[in-house]
Amino acid sequence: MLDIAIKGSKNYWLWILLLLAVIGAGTIAYIDQFMNGLMITGMSRDVTWGFYIANFTFLVGVAAGGVMVVIPYYLHDYERFHRITILGEFLAVASLIMCLLFIIVDLGQPTRMLNVLLYPTPHSMLFYDMIVLNGYLFLNIVVGWKVLEAERSQVEPDWWVKPLVYLSIPFAISIHTVTAFLYCGLPGRGFWLTAILAPRFLASAFAAGPAFLIILCYIIRKFTKFDPGWEAIQTLSKIVCYAIIANIFFFLCEVFVAVYSGIPSHLSHLKYLFFGYHGHNMMVPWMWTAFILMGLGAIFLVIPNLRNNHTLLPITCAMIFIGAWIDKALGMIAGGFIPSPLHHVTEYAPTGKEILIALAVWATGFLVLTILYKLATTVKEEVRG
Amino acid sequence: MSKNMIISGLVIFVIAVLSPFWAQAVFGDKHVVPKPELVGKAATAKKCVLDKYDMRANHMSLLDEWRDSVVRDADRRYDAVNGHSFGMSLSTGEDSCLGCHEDKAKFCDSCHVYTSVNPYCWECHTNPKEIE
Amino acid sequence: MKKSRRSFLKVASIAAIGLGAAPAMNFAASNSHGAAKAVKDKNEEALTAHRWGMVIDTNKLTDEIAEAMTEACHSAHNVPDFNHEVDEEKYPNTRPVNMKQEIKWIWPEKFHYAFPYKEDEFLAEKFHHLPIPVLCNHCKEAPCTQACPTQATFKRKDGIVLMDYHRCIGCRFCMAACPFGARSFNYRDPRPFIAETDPDFPTRSKGVVEKCNLCAERLAKGERPHCEEASEGAIVVGDLEDPESDIRHLLAEHYTIRRKQSYGTEPSVYYIV
């Protein structure tokens, strides 16, 4: 089936070339990091995770978001998702590859990575994260591939594919729950120490993932002959709508608890993010932008006329995607580490090289996504044609 | 694709894969295998932790075991089968590895360089002789 | 018993991975078949305890003493000093430092940073200027060891929380978990910033986390920790589980506080105020 990926238009190859160029540039930056250490990043003694882990957290969400097409189709026989289920699964594959790459580029001693397997440590949340992330990746690759292959030969998929699909549903929930548990089980970090972190992560995941999927559907419609179907997109947009409202609601619950109780160890982080703390306010414009984008996005999706508007919908989805990215990636890291456990305020901004490496990881993800989507859409075109 | 192209491609591939062997034969140093030299105290001590051949083959496993013992179990003394007692340390103390084998270049490096082994011990551990 | 099970597990895991299986198996075989067996043990002069702890008497602290403790600890443990001027000949093209990435094992903090939730509105004047030494608390319930995915940071039987620099993968999860900011990460090779390397202790490589080890290497030789020796009596290190120890007598006689007790990590460092 992979042969499909090496037959493409000029635009296809230009896009691949562009991605490869970004990957190449990022690789050069990564070699510098590999040789000289994480000193090339903006991370510090007080802010020990940065742009890499931020993007990792967000992309785990995008990966988990894929389950929002799997559940309706496989559990509720929602036929309209028939055509896009594979897109959700392949989006999860690409996102998970990015997640794993982000973890690897974040390690100080990447060559010792396998120590996690050599010394398995069940009391560490990272141990479970490794299991569920790799498990979910494996499930999606197998399921996506087998289903597509069956579709190409116009036969039913093997009998054992269905059980794997059902298994992938709890895995999707787990990847984001366990990722939230990485954060919310740490005693000294008031911003993360909240039981609602996992639900909030899931809510923003189920908004950002499907929102991105809608944008991808638009792109597919423009560049291929395959039409994911307007009704499927409509249903997806309703899912995004509920999820983003849930995310904002959970966040407001968070704000209420911190503000009304007034406990400094919880409140100081929110103060830093939204109003600045002791004169440090780098995150303030970002956070307000995030919540304006998500809030406006929610309003646009609630009002049927705006939601059904073909031109506005992708813009709304982009707003929600970017808003969720700022909120969950940048805000989660900066808010958690600032102020530090000793109440020092050390701000963090990624360096150019750090951003370049992150871009290369994104480009790798997009490369995988492009190839997988190329397969999926071509097969679907073949079958219909 | 023609049969010839495939075959010549395969031939190039095999040659490339075998490059370490023929490159060594053609361009490589034809010196004999280096022998670790016993100088200073080591030359007279006669007894090491394990016997010579065991040491040659297994010193890396021994050191791996030692570092776990010292760091994780706080056991720092090694009473060897041959009755001698050693401090389990690469470089600190008279009864450590370098305490007896005084010349790291001749004892560790000569073989490691020859076999292209690059252990990261010395990224952290220091050779007391190298610190002026 | 424990040791043999441990070495068995180690050998088994190495073999399973298939890395260096042969030498490991040979070595294990050569160990078990010999008539006598090699024995690993503690040094005879080693100081031992059931649970090591520390009492810091803030009444005896001055800026000089606090500084001397940091200096004694950092120079003996080869902790890099980013203010140190790099020897260009030995380490050419060393890039400029980012002070935010510095490394500290024990250092003085203002009272309201050392005890951020004890910020009394009307704190006695002398506490505003007091240099409170802060370091790893060697918590009884250490969140860092819980978080570490490779057991590179772990709790020793005698209560000391240690780093195994050989095993650390540099994920920095322990730093997120530590509520005391006691841990530092080697964002770069520390060697250019070590003024005089102490041959009795290794340096670290880039990419691993480090912190106070309560001078485990000194205790093993029957010596007292560096900070205690430099503290002119302000620091006493001893066995918290031994009711007859000096440190327990101090705790019985004085009111002491610990950092962030409410988190339940049970720090082993007490401050007399």
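Up top you'll find the structure we're talking about.
Since the structure is predicted, the reported quantities are computational estimates derived from the model, not experimental observations. (Residues numbered from 1 in each chain as written. Chains lettered and ligands numbered in written order. Predicted model: local features only at pLDDT ≥ 70, side-chain atom pairs only at ≥ 80, totals over all residues. Heavy atoms only, no water.)

> Before we go on, may I ask you to explain the side chain of A:T194 in this structure?
Residues and elements named next belong to chain A. Topologically, T194 is positioned in the loop between α7 (161-184) and α8 (197-223). Using a relative accessible area of 14% as the deciding quantity, one classes T194 as buried. If we skip the residues at most four places from it in the chain, T194 touches C184 and E254. (Helix = DSSP H or I, 4+ residues; strand = E, 2+ residues; numbered from the N terminus. Buried < 20%, exposed > 50% of the residue type's maximum accessible area, 1.4 Å probe, protein only. Contact = heavy atoms within 4.5 Å.)

> When you look at the sheet that holds strand β11 (residues 269-272) of chain C in this model, what are you seeing that I'm missing?
In a beta sheet, neighbouring strands are held together by backbone hydrogen bonds and run either parallel or antiparallel to one another. Residues and elements named next belong to chain C. Read across the open sheet, the four strands follow the order β9-β2-β11-β10; overall the sheet is mixed. This sheet does not close on itself; its edge strands, each paired only once, are β9 (235-239) and β10 (256-257). Relative to β9, strand β2 (residues 52-57) is paired through five bridges, and the arrangement is antiparallel. Its bridge partner being in β9, M54 is matched across the sheet by V237. Where helix α10 (residues 246-253) meets the sheet, its contacts fall on β2, β9, β10 and β11, and the angle it forms with β9 comes to roughly 115°. (Pairing = 2+ DSSP bridges. Axes fitted to C-alpha atoms, helices over the stretch in contact; angles between N-to-C directions.)

> I tried to follow the sheet that holds strand β2 (residues 85-87) of chain B on my own but got confused; where do I start?
Here three strands make up an open sheet; going across it, the order is β2(B)-β1(B)-β1(C) and the pairing antiparallel. Because the sheet does not close on itself, it has two edges, and the strands there are β2 of chain B together with β1 (39-41) of chain C. Geometrically, the sheet is characterised by an average inter-axis angle of 25° between neighbouring strands, direction not taken into account. With three bridges connecting them, strand β1 (residues 77-79) of chain B and β2(B) associate as antiparallel partners. Considered in β2(B), the bridge of B:D79 is made with B:S85.

> So what exactly am I meant to see when it comes to the packing of aromatic side chains here?
Where two aromatic rings form a pair, the distance of their centres and the angle of their planes describe that pair. Residue and element names in this part refer to chain A. For the structure shown, the criterion picks out 32 aromatic pairs over all chains. Note on Y78 and F81: the rings are 5.0 Å apart at their centroids and 85° apart in plane angle, and the pair reads as edge-to-face. Exposure remark for F81: the relative accessible area of 0% places this residue in the buried category. Ring centres 4.7 Å apart and planes at 15° place the aromatic pair F212 and F321 in the stacked group. Of this pair, F212 sits in helix α8 while F321 sits in helix α13 (residues 312-337), and the two are 109 residues apart along the sequence. Overall, the relative accessible area of 13% leaves F321 in the buried class. Among the aromatic residues, those joined into a ring-pair cluster are W15, F58, F212, F321, W362 and F366. (Phe/Tyr/Trp six-rings, centres within 6.5 Å; stacked < 30°, edge-to-face > 60°.)

> I'm lost on the pairing of β2(C) in this one. Help?
Moving residue by residue along a regular strand, the side chains alternate between the two faces of the sheet. All names here are of chain C. Across the six residues that make up β2, a large majority, six, are buried. Covered by surrounding structure in β2 are W52, M54 and I56 together with G53, V55 and D57, the residues of both alternating faces. Relative to β11, β2 runs parallel, the two being bridged by four bridges. Bridge pairing in β11 links V55 to Y270.

> Please explain the nonpolar core as it appears in this structure.
Across soluble globular proteins, nonpolar side chains have a tendency to be buried as a group. Of all hydrophobic cores here, the largest spans 209 residues; its most connected members are A:F58 and A:L87. For this core, the element with the highest residue contribution is α8(A), accounting for 17 residues. Those residues within four positions of A:F58 in sequence are excluded, and the remaining contacts are A:A208, A:F321, A:A324, A:W325, A:K328, A:A329 and A:W362. Judged by nonpolar contacts, the second largest core, of 10 residues, contains B:L50, B:M55, B:W66 and B:F86. (Core = buried A, V, L, I, M, F, W, Y, C linked by side-chain atoms within 4.5 Å.)

> Explanation requested: the interface of chain C and chain B in the structure shown.
The interface is formed by 38 residues belonging to chain C together with 33 residues belonging to chain B. Buried area between chain C and chain B, both sides added, is near 3300 Å², and the carbon and sulfur share of it is 50%. Joining chain C to chain B, the criterion identifies three salt bridges. At the junction of chain C and chain B, the tally comes to 15 residue pairs in polar contact (both at pLDDT 80 or more). In terms of residue count, the dominant contributor to the side of chain C that touches chain B is helix α2 (residues 21-33) of chain C (six residues). Classifying every residue of the side of chain C that touches chain B by side-chain character gives 15 nonpolar, nine polar and 14 charged. Bridging between β1(B) and β1(C) involves three bridges; their strand directions are antiparallel. Residue pairing across strands places B:Y78 opposite C:K40, the latter belonging to β1(C). (Buried area = accessible area lost by both parts, 1.4 Å probe. Salt bridge = Lys/Arg side-chain N within 4 Å of Asp/Glu carboxyl O. Polar contact = N/O pair within 3.5 Å; in protein donor to acceptor, adjacent residues only side chain to side chain. Nonpolar A, V, L, I, M, F, W, Y, C, P; charged D, E, K, R; others polar.)

> I would appreciate a short explanation of the interface of chain A and chain C in the present structure.
A common way to state how big an interface is: give the accessible area lost once the parts meet. Contact with chain A, which involves 46 residues of that partner, is made by 52 residues of chain C. Counting the surface lost from both chain A and chain C, the interface buries some 4100 Å², and carbon and sulfur atoms represent 55% of this. Of all residues in chain A, A:M39, A:R45 and A:L342 bury the most surface against chain C, accounting for 21% of the area lost on that side. Where chain A meets chain C, there are two salt bridges. Here A:D106 and C:R172 are joined by a salt bridge, their closest N and O atoms 2.5 Å apart. Between the two partners, chain A and chain C, sit 33 residue pairs in polar contact (both at pLDDT 80 or more). Mapped onto the side of chain A that touches chain C, the elements with two or more residues apiece are α1 (10-36), α5 (115-118) and α6 (125-152) of chain A. By residue number, the principal contributor to the side of chain A that touches chain C is α1(A), which donates four residues.

> Would you mind going over the environment of A:I84 with me for this structure?
Residue and element names in this part refer to chain A. With respect to the secondary-structure elements, I84 resides in the loop between α3 (67-76) and α4 (85-106). Linking I84 and D227, residues 143 residues apart in sequence, is a C-alpha distance of 9.5 Å. Sequence-distant contacts of I84, defined by excluding residues within four places in its chain, comprise V69, C217, P228, A232 and L236.

> What am I meant to see in the pattern of salt bridges here?
Any two side chains of opposite charge can pair, so long as their charged atoms come close to each other. Residues and elements named next belong to chain A. For the structure on display, the rule yields 24 salt bridges over all chains. Ionic pairing is found between D3 and K7, a salt bridge with its closest N-O pair at 3.7 Å. One salt bridge connects R152 with E382, and the closest N-O pair in it is separated by 3.3 Å. Remark: E382 occurs in helix α14 (residues 352-384) and R152 occurs in helix α6; sequence separation between them is 230 residues. Assessed through its relative accessible area of 31%, R152 is described here as partly exposed.

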